[in-house]
Amino acid sequence: GSNAEYMGYLSLLLYFAQRIETMWIADPAPDPPFPRFSVAVPSGVAFFALYYFLHHGLSRKLFGGAYTGLSKSMRVRWDERSVAFLHAVVGTVLALIYVARHPMTVDHVGDTIYYERDQPWLRSFVLEMTIGYFASDLVRYATLTPDDHSVPDYMHHIVALSSYSVGIITSWGTFTMILFETNEISTPLLHLKWFLEVLELRSSLLYKANLLLFYVLFFVARILFNGFVAYTCYFTLRYKNPPTDVSFALVMTQLALTIAHTLLQVYWFGLLTQIAVRRILGSHKARSKGE
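Residues numbered from 1 in each chain as written. Predicted model: local features only at pLDDT ≥ 70, side-chain atom pairs only at ≥ 80, totals over all residues. Heavy atoms only, no water.

Some thoughts on the overall build of the protein chain
So, step 1. Per the secondary structure count, the protein chain includes eleven helices and zero strands.
So, step 2. Scanning the protein chain from its N terminus toward the C terminus, one meets helices and strands in the order α-α-α-α-α-α-α-α-α-α-α.
So, step 3. Taken over 291 residues, the protein chain has a buried fraction of 40%.
So, step 4. Restricting to contacts in the protein chain with at least 6 residues of sequence separation, those with at least 24 account for 80%.
So, step 5. Accessible surface for the protein chain amounts to roughly 16,000 Å². Of this, 68% is attributable to carbon and sulfur atoms. (Helix = DSSP H or I, 4+ residues; strand = E, 2+ residues; numbered from the N terminus. Buried < 20%, exposed > 50% of the residue type's maximum accessible area, 1.4 Å probe, protein only. Contact = heavy atoms within 4.5 Å. Areas by Shrake-Rupley, 256 points an atom, 1.4 Å probe, with all protein chains shown as cover.)

Have a look at this one:
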């Protein structure tokens, strides 16, 4: 299409973005601690620039032969994983620092999720940093590495970017988002697993310890903790009055997405458990044959 058509689509998107508050929120959103998306934009530029510099020389200097011996597509993956690893570490640490300030009780968490409209600066900073990360990935997918990503890659980032952005625009639901941001505590270990496999270190003690720690943290952060959050959302809506400054549709959407997110983690954990059981049984059979 012509540039005019693209500008028309962009204007339509901006219009709907501006209308989100009046469509979903009964009362105007409170002022954020800093202008909306003023952290997301420089964050996106920084993550994009980091990948660019890694891919154009920095990774060669940092990782030497382990990097230069890879194929072109694997070097792309290596640099992407490096950026993702950094984001996961920084985002998780900041999210944990913020969440640690809150008592993890049903009453407190439920009340904060549904009745608080304030946007503390650290919560907003973490979420906007993550918005910038997702946006930089999408821009890179479309420009620098268009042939290395599938539709699910795009959809994951688009859905996450959209949900975080709606939270920032409406100043509602962001406490749930920062709670789920702590799920990323297991993500650096997933990336480390990939690096160790590329380096052919599957048999090392580090690789096995990393797998075990990843499995434990995944269970604690994504099954136990997310289950607590989902139960808290249900309990609060079941036994307390729903919030009056947001629409009922938004409340139900948030509850449905919270439960869906938790069930997805349960599904993934089931797959991880199946893989772990197969590996344990396989190694046991191999030892039995050797004896």
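Quick notes on empty space enclosed by the protein
So, step 1. Taken as a whole and assessed by the stated rule, the structure comprises one cavity of 30 Å³ or more.
So, step 2. For the largest cavity, the calculated volume is near 40 Å³.
So, step 3. For the largest cavity, the full set of lining residues is Pro-32, Pro-33, Phe-34, Arg-36, Gln-119, Ser-124, Glu-128, Ile-168 and Ser-171.
So, step 4. Across the lining of the largest cavity, the residue classes break down as four nonpolar, three polar and two charged. (1 Å grid on protein atoms, 1.4 Å probe; cavity = no way out; pocket = protein on both sides within 12 Å on 5 of 7 lines; lining within 4 Å. Points joined across faces, edges and corners; volume = space filled by probe spheres on them. Nonpolar A, V, L, I, M, F, W, Y, C, P; charged D, E, K, R; others polar.)

As for the environment of Ile-158
So, step 1. Within the secondary structure, Ile-158 sits in helix H7 (residues 151-170).
So, step 2. Along the backbone, Ile-158 and Phe-134 are 24 residues apart, and their C-alpha atoms lie at a distance of 7.8 Å.

Quick notes on the packing of helix H6 (residues 121-143) against helix H8 (residues 174-181)
Two numbers describe a pair of packed helices, the interaxial angle and the distance between the axes.
So, step 1. Where H6 contacts H8, the axes come no closer than 10 Å and their chain directions differ by 70°. With respect to H8, the element H6 is oriented roughly perpendicular. Considering how the two elements wind past one another, H6 and H8 form a crossing that is left-handed. From H6, Arg-123, Val-126, Leu-127 and Thr-130 reach across to H8, where they touch Thr-174, Phe-175, Met-177, Ile-178 and Glu-181. (Axes fitted to C-alpha atoms, helices over the stretch in contact; angles between N-to-C directions. Parallel < 35°, antiparallel > 145°, perpendicular 65-115°, else oblique. Left-handed = near helix turned anticlockwise from the far one by under 90°.)

With respect to the nonpolar core
If you look at soluble globular proteins, the nonpolar side chains tend to sit buried side by side.
So, step 1. Counting 40 residues, the largest nonpolar core has Ile-113, Tyr-114, Phe-175, Ile-178, Leu-179 and Val-229 as the members making the most contacts within it.
So, step 2. Mapped by element, the contributors of at least two residues to this core are helix H2 (40-63), helix H4 (72-99), helix H5 (106-115), H6, H7, H8, helix H10 (205-239) and helix H11 (248-290).
So, step 3. With nine residues, the top contributor of residues to this core is H6.
So, step 4. In contact with Val-229, other than residues within four places in its own chain, are Ile-113, Leu-179, Phe-180 and Thr-258. (Core = buried A, V, L, I, M, F, W, Y, C linked by side-chain atoms within 4.5 Å.)

A few points about H10
Each turn of an α-helix holds 3.6 residues, which means side chains three or four residues apart point in the same direction.
So, step 1. For H10, with 35 residues, the first-to-last C-alpha span of 49 Å sits near the 51 Å given by 1.5 Å per residue.
So, step 2. Along its length, H10 reaches its greatest deviation from straightness, about 25°, at Asn-226. (Expected span 1.5 Å × (residues − 1). Bend = angle between axes of the 7 residues up to and from the residue.)

Comments concerning the pattern of salt bridges
So, step 1. Taken as a whole, this structure holds nine salt bridges when the rule is applied.
So, step 2. We note a salt bridge from Arg-140 to Glu-80, for which the minimum N-O separation is 2.6 Å. One end of the pair, Arg-140, is in helix H6; the other, Glu-80, is in helix H4, with 60 residues separating them in the sequence. Considered together, Arg-140 and Glu-80 belong to a single accessibility category, that of buried residues. (Salt bridge = Lys/Arg side-chain N within 4 Å of Asp/Glu carboxyl O.)

Side note on a nonpolar patch on the surface
So, step 1. A contiguous nonpolar patch, built from Tyr-52, Phe-53, Leu-58, Leu-62, Phe-63 and Leu-144 and spanning about 560 Å² of accessible area, is present on the exposed surface.
So, step 2. Inspection of the secondary structure assignment puts Leu-62 in helix H2.
So, step 3. You can call Leu-62 exposed: its relative accessible area is 54%. (Patch = residues over 30% accessible without salt bridge, like charges linked within 9 Å, V, L, I, M, F, W, Y side chains within 5 Å.)

Regarding the packing of aromatic side chains
Centre distance and the angle of the planes are the two values used to describe a pair of aromatic rings.
So, step 1. Applying the stated criterion across every chain yields a total of 18 aromatic pairs.
So, step 2. For the ring pair Tyr-231 and Phe-235, a centre distance of 5.9 Å and an interplane angle of 35° mean the geometry is tilted. Residue Tyr-231 and its partner Phe-235 are located together in helix H10, separated by four residues, close to a single helical turn.
So, step 3. Phe-235 gets classed as partly exposed once you look at its relative accessible area, which sits at 23%.
So, step 4. An aromatic cluster is present here, built from Phe-63, Tyr-67, Trp-78, Trp-194 and Phe-195 joined pairwise through their rings.
So, step 5. Across the ring face of Tyr-51, the terminal group of Arg-140 is positioned such that the distance to the ring centre comes to 4.5 Å. (Phe/Tyr/Trp six-rings, centres within 6.5 Å; stacked < 30°, edge-to-face > 60°. Lys NZ or Arg CZ within 6 Å of the ring centre and 35° of its normal.)

Brief notes about the environment of Tyr-231
So, step 1. For Tyr-231, a relative accessible area of 45% corresponds to the partly exposed category.
So, step 2. Taking C-alpha positions, Tyr-231 is 8.4 Å from Val-106, a pair spaced 125 residues apart along the chain.

A look at the side chain of Arg-140
So, step 1. A relative accessible area of 3% means that Arg-140 is categorised as buried.
So, step 2. At 2.6 Å, the side chain of Arg-140 forms a polar contact with the side chain of Glu-80.
So, step 3. Not counting the four nearest positions on each side in its chain, Arg-140 is found in contact with Phe-48, Tyr-51, Glu-80, Thr-145 and His-149. (Polar contact = N/O pair within 3.5 Å; in protein donor to acceptor, adjacent residues only side chain to side chain.)

Remember, this is a structural readout, not a statement about activity or role.
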